[in-house]
Every structure is written in structure tokens, then in C-alpha cells.
Amino acid sequence: MDGMDLELFEAARKALEFAHAPYSGFSVGAAILGDDGRIYSGCNVENAAYPLGNCAEASAISAMLAGGARRIRKVLTIGPGRVPVTPCGGCRQRIREFAAPSVIVICAGLDGGEPLLTTIAELLPHSFGPQFLQENTRGE
Ligand code: THU
């Protein structure tokens, strides 16, 4: 992890502390490096109506867009334990919407352990994206 990765780590760790996760007890933080060079973070926000809960990555993406950045340069996700917490399937698709295939996703555990460094293409191979819609509506 380089200096920027450590900044992402700190931002995600701080966001995790503000998570609202009383139902699962599983607090997650995410941090995104936007194409404006700034870091945006988010935490999971659960709800008594369980399916309405939001993941940390979704919160961080909202913060990025509202902050004015349009594309994701790098992502870091952190959760409890030693095992790196990887983005859920839905969040892989959410990240993919705003990230090039080669964008690095760092997955970390709060209690040490070696972080997992991967890419969004590796996490979500053969993914569906905006280009499918354009290709299928061209000329119509
Ligand atoms: N969670 C995230 O915030 N991000 C992920 O990618 C994995 C899951 C949250 C959702 C829920 O609030 C809790 O972790 C347990 O699933």
C-alpha cells in the first residue's frame, strides 16, 4: 500500500466508526479516490426495515457524486476481523458503473491481516455496463 492507500485506509476506518449497523453488528467503511483527486468515504446504514439498509460502498459513491467527482480511481473497503472484507455483489456492480475495469479495489480487515489487492474486473468478470445499453439502442 502506498501513501494514497494509507489515506484511503484512514478515511474508510473513520467512516466505519460512524456506521449504523445495530442489526448485523457488522460495521463497514469504504473510501473512494475520485477523478478530482479527492477522497470520499461512506459507511453502511442499516434500517429496522432490513432490506432498506445501504452498504458502505453505496454511501461512498453517493458522497463522491454529490462532491462533484464523476469517476472512481481507487476503492478501499474495510470491515471487522482479520479477513479482508470484499464488496458485496451489488456493490461490485455499483462500483463498476463509475470505474474502468483496471481500477484497484483494496479489501481490508480492521484487525490486521494482509489486505487483498484486486481490480473491479477481477471482482466482477464479464460484467454488464452502460455500453450494452448504447450498443443495443444504436440506430433505433
Ligand atoms: N456491507 C457493506 O456495507 N458492504 C459490503 O460490501 C458488504 C456488506 C454491510 C451491509 C450490512 O449492513 C452489513 O454489512 C452486513 O451484511
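Everything below is about the structure printed above this text.
Keep in mind it's a predicted model, so treat the numbers as computed, not measured. (Residues numbered from 1 in each chain as written. Predicted model: local features only at pLDDT ≥ 70, side-chain atom pairs only at ≥ 80, totals over all residues. Heavy atoms only, no water.)

Topic: the overall build of the protein
Rules: In DSSP terms, a helix is any run of H or I states spanning at least four residues, a strand is any run of E spanning at least two, and both are numbered starting from the N terminus. Only C-alpha atoms enter the radius of gyration; for comparison, a globular chain is expected to reach 2.2 Å times N to the power 0.38, where N is the number of residues. Contacts are assigned to residue pairs that have any heavy atoms within 4.5 Å of one another. Every accessible area reported is derived by Shrake-Rupley at a probe size of 1.4 Å, with residue values counting cover from the shown protein chains alone. Positive charges come from Lys and Arg, negative ones from Asp and Glu, while His and the chain ends are left out of the count. Every charge is mapped onto a representative atom, which is NZ of Lys, CZ of Arg, CG of Asp or CD of Glu.
Across its full length, the protein carries five helices and five strands. Compactness check: the protein gives a C-alpha radius of gyration of 15 Å against a globular reference of 14 Å for 140 residues, within 12% of the reference. Oriented by its inertia axes, the alpha-carbon framework of the protein measures out at about 50 × 40 × 30 Å. In the protein, 62% of the contacts between residues at least 6 apart in sequence involve partners at least 24 apart. Looking at the protein as shown, the accessible area adds up to about 7600 Å², and 56% of this sits on carbon and sulfur atoms. Separation of charge centres in the protein, based on 12 positive and 15 negative side chains, amounts to 3 Å.

A few points about the packing of aromatic side chains
Our working rule: In this scheme Phe, Tyr and Trp rings, the latter by its six-membered ring, pair at centre separations within 6.5 Å, and the angle between planes marks the pair as stacked below 30 degrees, edge-to-face above 60, and tilted otherwise. Note on exposure labels: buried denotes an accessible area under 20% of the residue type's maximum, exposed denotes more than 50%, and partly exposed covers the range between, all computed with a 1.4 Å probe on protein chains only.
Tallying each qualifying case throughout the model produces two aromatic pairs. With 5.5 Å between their ring centres and 45° between their planes, Tyr-23 and Tyr-50 make a pair best called tilted. Taken together, the residues Tyr-23 in the loop between helix 1 (3-17) and strand 1 (29-34) and Tyr-50 in the loop between strand 2 (39-43) and helix 2 (56-66) connect sequence positions 27 residues apart. For Tyr-23, a relative accessible area of 42% puts it in the partly exposed group. Residue classification places Tyr-50 among the exposed residues on the basis of a relative accessible area of 61%.

Let's talk about the site of the ligand
What counts, and what does not: A molecule or strand has a residue near it when one of that residue's heavy atoms lies within 4 Å. Polar contacts, as counted here, are pairs of nitrogen or oxygen atoms within 3.5 Å of one another; within protein the pair requires one atom able to donate a hydrogen and one able to accept it, and residues that are adjacent in sequence qualify only if both atoms are side-chain atoms.
As a matter of local geometry, the ligand sits amid Ser-24, Phe-26, Val-28, Asn-44, Glu-46, Cys-55, Ala-56, Glu-57, Thr-86, Pro-87 and Cys-88. The separation between an oxygen atom of the ligand and a polar main-chain atom of Ala-56 is 2.9 Å. Between the ligand and Cys-88, the relevant distance is 2.8 Å, taken from an oxygen atom to a main-chain nitrogen or oxygen of the residue. Protein chains shield 76% of the accessible area of the ligand, which is 370 Å² for the free molecule.

Some words on the pairing of strand 5 (residues 116-119)
Formally: Pairing between two strands is assigned when DSSP locates at least 2 bridges connecting them.
The sheet contact formed by strand 4 (residues 99-109) and strand 5 spans four bridges and is antiparallel. Paired with Ile-104 across the bridge in strand 5 is Thr-119. Here strand 4 hands over to strand 5 after six residues, with Gly-112 in that stretch at a positive phi of 85°.

Structural notes on the nonpolar core
Using the following cut-off: Throughout, nonpolar core names a set of buried Ala, Val, Leu, Ile, Met, Phe, Trp, Tyr and Cys residues whose side chains join them through atoms within 4.5 Å.
Core analysis: the largest hydrophobic core is formed by 19 residues, its most contacted members being Ile-32, Met-64, Ile-72, Ile-95 and Ile-120. Put simply, the parts of the chain that give this core at least two residues each are strand 1, helix 2, strand 3 (72-79), helix 3 (89-98), strand 4 and helix 4 (120-123). Other than its neighbours up to four places away in sequence, Ile-72 contacts Ile-32, Leu-33, Ile-61, Met-64, Ile-95, Phe-98, Ala-99 and Val-103. Formed by eleven residues, the second largest nonpolar core is a distinct cluster that contains Leu-8, Ala-11, Leu-16 and Ile-78.

Digging into the sheet that holds strand 2
In plain terms, the rule: Here an angle of 0 to 180 degrees is reported between the N-to-C directions of two axes, which are lines fitted to C-alpha atoms, with helices fitted over the stretch in contact.
The strand order 2-1-3-4-5 describes an open sheet built from five strands, whose pairing is mixed. Looking at which strands have only one partner, the edges of the open sheet turn out to be strand 2 and strand 5. Direction aside, neighbouring strands of the sheet carry axes that sit 20° apart on average. Helix-sheet contacts for helix 2 involve strand 1, strand 2 and strand 3, and the interaxial angle to strand 2 is about 140°. The sheet contacts of helix 3 involve strand 3 and strand 4, and relative to strand 4 the element is tilted by about 140°.

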